[in-house]
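Structural overview for review
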Amino acid sequence: FWQELFRAWQENPVIKVREFDRMLPSLAALTEEQVKSPGVYDIFPSVAWNGDVVLLAPEFLNTVIPRYNNFVVGNILNESLQSIVERGKSVVYVEDFVQGVNRCRQECEYFSLCYGGQAGNKFFEHGTTNVTETAFCRNSEKRLADAILQELESANT
């Protein structure tokens, strides 16, 4: 699918394809640098209507799972966002996510494209944030990158 779509888009690039707009600069940077992201993670706080704060993914708001304390790390009505985020770095689901991202960094040749993926995808596909590959990763990162690279390679031969 991706290869055929990329081929068609190259022949007539009048329609913007978000995935190509995102992937092409990343692939170009890879060929120039071959650098993997440093150990920096976007904690990405999200605040619910009642002041509850979750980290890593807004999809975690109102998600009920005891293992991760319903993902709530604090309430903005009771303390500062800065203190919530600082404390939140040591909650189980954030630590699990960091462990999964670190494994991605070590094991996956595509890491420089996605930097370990999204916590929401990981959790909702696997029930934990401590995983590496997801279906989203395979279909929207790996297969897309492979298809573009194959098309560019075949165009140059």
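Read on for an overview of the structure. (Residues numbered from 1 in each chain as written. Predicted model: local features only at pLDDT ≥ 70, side-chain atom pairs only at ≥ 80, totals over all residues. Heavy atoms only, no water.)

Quick notes on the environment of leucine 113
Quick reminder of the rule: Note on conventions: DSSP H or I runs of at least 4 residues are helices, E runs of at least 2 residues are strands, and numbering of each starts at the N terminus. Each residue is placed in one exposure class: buried if its accessible area under a 1.4 Å probe, protein chains only, is under 20% of its type's maximum, exposed if it is over 50%, and partly exposed if it falls in between.
Secondary-structure assignment places leucine 113 in helix α5 (residues 111-114). For leucine 113, a relative accessible area of 10% puts it in the buried group. C-alpha separation for the pair leucine 113 and alanine 145, spaced 32 residues apart in sequence, amounts to 8.6 Å.

Considering the sheet that holds strand β3 (residues 72-75)
Here is the rule we go by: Between any two strands, pairing holds if DSSP finds at least two bridges. Whether two residues are in contact is decided by their heavy atoms, any of which lying within 4.5 Å being enough. Fitting a line to C-alpha atoms yields each axis, with helices limited to the stretch in contact; the angle taken between N-to-C directions then spans 0 to 180 degrees.
Taken in spatial order, the 3 strands line up as β1-β2-β3 in an open sheet, and their pairing is antiparallel. Every interior strand has two partners, whereas the edge strands, β1 (46-47) and β3, have only one. With respect to the sheet, helix α3 (residues 81-88) is in contact with β2 (52-54) and β3, its orientation differing from that of β3 by roughly 160°.

A short note on the packing of helix α1 (residues 2-11) against helix α7 (residues 135-156)
Under the convention used in this document: What sets the label is the angle itself: under 35 degrees gives roughly parallel, over 145 gives roughly antiparallel, 65 to 115 gives roughly perpendicular, and the rest give oblique. For any helix crossing, the convention is left-handed if the near helix is rotated counterclockwise from the far helix by under a right angle, and right-handed if that rotation is clockwise. When residues are sorted by character, Ala, Val, Leu, Ile, Met, Phe, Trp, Tyr, Cys and Pro go into the nonpolar class, Asp, Glu, Lys and Arg into the charged class, and all the rest, Gly among them, into the polar class.
At their nearest, the axes of α1 and α7 sit 8 Å apart, and the two run at 50° to each other. The angle between α1 and α7 places the two elements in the oblique class. The crossing of α1 and α7 is right-handed. Residue-level inspection shows Trp2, Gln3, Phe6, Arg7 and Gln10 of α1 in contact with α7, the latter providing Asn139, Arg143, Leu144, Ala147, Ile148, Gln150, Glu151 and Leu152. In terms of residue class, the contact of α1 with α7 is built from 6 nonpolar, 4 polar and 3 charged.

A word on unusual backbone geometry
The phi dihedral of phenylalanine 44 is positive, around 50°, even though this residue is not glycine. Along the polypeptide, phenylalanine 44 turns up in the loop between α2 (18-33) and β1. The exposure class of phenylalanine 44 is partly exposed, given its relative accessible area of 37%.

Structural notes on the nonpolar core
The line we're drawing: In this description, a nonpolar core means a group of buried Ala, Val, Leu, Ile, Met, Phe, Trp, Tyr and Cys residues linked to one another through side-chain atoms lying within 4.5 Å.
Membership of the largest hydrophobic core comes to 21 residues, with the highest contact counts inside it found for Leu55, Leu56, Phe60, Phe71 and Tyr93. Among the elements of the structure, β2, α3, α4 (92-107) and α6 (119-126) are those that each provide at least two residues to this core. Ignoring any residue separated from it by four or fewer positions in sequence, one finds leucine 55 in contact with Ile43, Phe44, Pro45, Phe60, Phe71, Val73, Val85, Gly88, Lys89, Tyr93 and Val94. If you look at the next biggest cluster of nonpolar residues, it comprises 8 residues, including Phe6, Phe20, Ala147 and Ile148.

Focus: the side chain of threonine 63
Stated formally: We define a polar contact as two N or O atoms separated by no more than 3.5 Å, with the added condition that, inside protein, one atom must be a possible hydrogen donor and the other a possible acceptor, whereas residues neighbouring each other in sequence contribute only through side-chain atom pairs.
Relative to the helices and strands, threonine 63 resides in the loop between β2 and β3. The class of threonine 63 is buried, set by a relative accessible area of 14%. Within polar-contact distance, the side chain of threonine 63 engages the backbone oxygen of glutamate 59 at 2.9 Å. Each residue touching threonine 63, except ones within four places of it in the same chain, is listed here: Asn70, Phe71, Phe123 and Phe124.

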